[in-house]
Amino acid sequence: MNVGITGVAYALPARTELTDDLQQRVAGGLPVPAGLFRRTTGIVRRQVAADGEYASDLAADAATKVLAETGTDPLDIDLLLFASATRDMTEPATAHVVQAALGSRAHALDVTNACNSFLNGIDLARSMILAGRARKALVVTGETPTRAMRPRLDGLAQARTAFAGYTFGDAGAAVLVEPVATGGILDVDTETHSEHWAVGGIFGGGSRHPRSVEHTYFTGDGTRLRSVFERIGAGLIERVADRTGWGWSDYAKVLVHQVTLPYLERFVAVTGVPRDKLEITVDELGNMASASIGVQLGRVRAELGPGDRVLMVGLGGGVSLMTMVWEVS
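A quick note: this is a predicted structure, and the numbers were derived from the prediction, not measured.

What is the right way to look at the overall build of the chain in this model?
Within the chain, the regular secondary structure consists of 10 helices and 13 strands. Against the 2.2 N^0.38 benchmark of 20 Å for 329 residues, the chain shows a C-alpha radius of gyration of 19 Å, consistent with a compact globule. The C-alpha extent of the chain, read off along each of the three principal axes, is 60 × 45 × 35 Å. Counting over 329 residues, the chain shows a buried share of 54%. Of the contacts made within the chain by residues no fewer than 6 positions apart, 77% connect residues no fewer than 24 positions apart.

Explanation requested: the UniProt feature "domain: Beta-ketoacyl-[acyl-carrier-protein] synthase III N-terminal" (unreviewed entry) in the chain in the structure shown.
Per the UniProt annotation, the sites labelled "domain: Beta-ketoacyl-[acyl-carrier-protein] synthase III N-terminal" (unreviewed entry) are residues 109–192. For residues 109–192, helix accounts for 25% and strand for 35%, while the C-alpha atoms at its two ends are 23 Å apart.

Even after reading the chapter, I still don't get the domain arrangement of the chain, so can you show me in this structure?
A common way to state how big an interface is: give the accessible area lost once the parts meet. Taken domain by domain, the chain consists of domain 1 (2–180) and domain 2 (184–328). One C-alpha centre belongs to domain 1, the other to domain 2; they are set 14 Å apart. With 49 residues of domain 1 at the contact, the number on the domain 2 side is 44 residues. Around 3,600 Å² of area is buried between domain 1 and domain 2 when both sides are counted, 64% of it from carbon and sulfur atoms. Contact with domain 2 buries surface across domain 1, with Cys115, Leu119 and Arg150 losing the most and accounting together for 16% of the total. Between domain 1 and domain 2 we count 15 residue pairs in polar contact (both at pLDDT 80 or more) in total. For the side of domain 1 that touches domain 2, the elements supplying multiple residues, two or more each, are strand 1 (2–11), helix 2 (36–41), strand 3 (45–48), helix 5 (117–130), strand 6 (137–143), helix 6 (156–162) and strand 7 (171–180). Residue contributions to the side of domain 1 that touches domain 2 peak at seven residues, all from helix 5. Looking at side-chain class alone, the side of domain 1 that touches domain 2 contains 25 nonpolar, 17 polar and seven charged residues.

Would you take a moment to explain empty space enclosed by the protein for this structure?
Which parts of space are left empty comes out when a probe the size of a water molecule is rolled across the atoms. Using the criterion set out here, one finds two cavities of 30 Å³ or more in the structure. In terms of lining residues, the largest cavity is bounded by 20 residues, among which Phe229, Glu230, Tyr263, Phe267 and Leu315 are the most central. Counting residues per element, the ones that place at least two in the lining of the largest cavity are helix 7 (222–244), helix 8 (261–271) and strand 12 (309–316). Among the elements that line the lining of the largest cavity, the one with the most residues is helix 7, at seven residues. Looking at the lining of the largest cavity residue by residue, the classes come out as 13 nonpolar, four polar and three charged. Of the pockets and cavities examined, the second largest cavity occupies roughly 40 Å³. Cys115, Asn116, Phe118, Leu119, His257, Ala289, Ser290, Ile293, Gly314 and Leu315 together form the lining of the second largest cavity.

Honestly, the sheet that holds strand 5 (residues 107–111) in this entry has me stumped. Any pointers?
Sheet strands pair via backbone hydrogen bonds, and the direction of the pair is either parallel or antiparallel. Taken in spatial order, the five strands make up an open sheet running 1-7-6-4-5, and their pairing is mixed. Of all strands in the sheet, those with a lone pairing partner are strand 1 and strand 5, marking the two edges. Within the sheet, the average angular offset between the axes of one strand and its neighbour, ignoring direction, is 20 degrees. Bridging between strand 4 (residues 79–83) and strand 6 involves four bridges; their strand directions are parallel. Considered in strand 6, the bridge of Leu81 is made with Val139. Contacts between helix 10 (residues 291–300) and the sheet are confined to strand 1, strand 6 and strand 7, with strand 1 contributing the most and set at about 95 degrees to the helix.

Would you take a moment to explain helix 5 for this structure?
Along an α-helix, residues three or four apart share an orientation, since each turn contains 3.6 residues. Taking 1.5 Å as the rise per residue, helix 5 with 14 residues should run 20 Å; its terminal C-alpha atoms sit 20 Å apart, in good agreement. For helix 5, the buried fraction is high: 11 of the 14 residues fall into the buried class. Listed in full, the buried residues belonging to helix 5 are Ser117, Phe118, Leu119, Asn120, Gly121, Ile122, Asp123, Ala125, Arg126, Met128 and Ile129. Taken from the residues just after helix 5, Gly132 is the one with a positive phi, measuring 80 degrees.

Is there a simple way to think about the packing of helix 3 (residues 55–70) against helix 4 (residues 94–102) in this case?
For any two helices packed against each other, one specifies the crossing angle of their axes together with the interaxial distance. One can describe the packing of helix 3 onto helix 4 by two numbers: an axis separation of 9 Å at closest approach and a directional angle of 45 degrees. Put simply, helix 3 runs oblique to helix 4. Read as a crossing pair, helix 3 and helix 4 show a hand that is right-handed. Residues Ser56, Ala59, Ala60, Ala63, Thr64 and Leu67 of helix 3 pack against Thr94, Val97, Val98, Ala101 and Leu102 of helix 4. A breakdown of the residues in the contact of helix 3 with helix 4 according to their chemical character gives eight nonpolar, three polar and no charged.

What counts and how
- Residues numbered from 1 in each chain as written.
- Predicted model: local features only at pLDDT ≥ 70, side-chain atom pairs only at ≥ 80, totals over all residues.
- Heavy atoms only, no water.
- Helix = DSSP H or I, 4+ residues; strand = E, 2+ residues; numbered from the N terminus.
- Rg over C-alpha atoms; globule rule 2.2 N^0.38 Å.
- Buried < 20%, exposed > 50% of the residue type's maximum accessible area, 1.4 Å probe, protein only.
- Contact = heavy atoms within 4.5 Å.
- UniProt positions renumbered as here; feature names shortened; annotations may be inferred.
- Domains from an automatic or database assignment.
- Buried area = accessible area lost by both parts, 1.4 Å probe.
- Polar contact = N/O pair within 3.5 Å; in protein donor to acceptor, adjacent residues only side chain to side chain.
- Nonpolar A, V, L, I, M, F, W, Y, C, P; charged D, E, K, R; others polar.
- 1 Å grid on protein atoms, 1.4 Å probe; cavity = no way out; pocket = protein on both sides within 12 Å on 5 of 7 lines; lining within 4 Å.
- Points joined across faces, edges and corners; volume = space filled by probe spheres on them.
- Pairing = 2+ DSSP bridges.
- Axes fitted to C-alpha atoms, helices over the stretch in contact; angles between N-to-C directions.
- Expected span 1.5 Å × (residues − 1).
- Parallel < 35°, antiparallel > 145°, perpendicular 65-115°, else oblique.
- Left-handed = near helix turned anticlockwise from the far one by under 90°.

Spelled out as structure tokens, the structure:
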């Protein structure tokens, strides 16, 4: 059986925030040069969820578009995965909130693995279909990481640990996954180095810091995260090439999780991927966490035809890396 992606859509909040305005708001009276956040990250602006707009809303918006575009009845979905780093609440699973909005009755659960959540969700949906546990799966993500930005910096030392959080932007994405006659998801690989789990994250809300406001903000060492990804990422890309025999010319698009523009430029330098294979979103939309690849996929879908291959490369805190090759049916 071949299993592939038969529909894709994304959703963006209506509100835009310029990075220069964000810096002015959070830096206050600190001696931070004007435009520093923008120049350092390459992010000019991002979309930000409104008050009362939640991760589930962005996921449901994208899911509704997928169902409409593919002519799928919500009741025909038998597996719904909310695969995201952001959730509406600790309990119950946000998948149930999305399902209630859609009117479906599928087996619903959350999948979370930082910025790799959405790719993990697609892989899990494919696995469930191959195992005979589902026939038609809806994988959705809704990301509102801008709510983990520290609202005001108290000093330069705090700015260093909080800075990575100022790359975020909000978005949602959804894909329909089901059996296909040809093509589909042809190759999946992962590599995990969990010894680096403390390098960055949002550490509140669980049993370690259940009610600590301080730990609800993203903190991390962006330089260390980048060095980890560089050390292990190139090897993962090489493994895909060795296993499949495909080089860059065999892919119509290469979609990469995008943290900052310098991160992306470094990926190009290390891997040699042609820039025209990329769909660059980070400059206008920021780091959309697990929705980054979903939004890119939605933006390029109209350019793809049967037989075109897409390589997706995920990077997530924890630390995990993931590749997925999809051939359009």
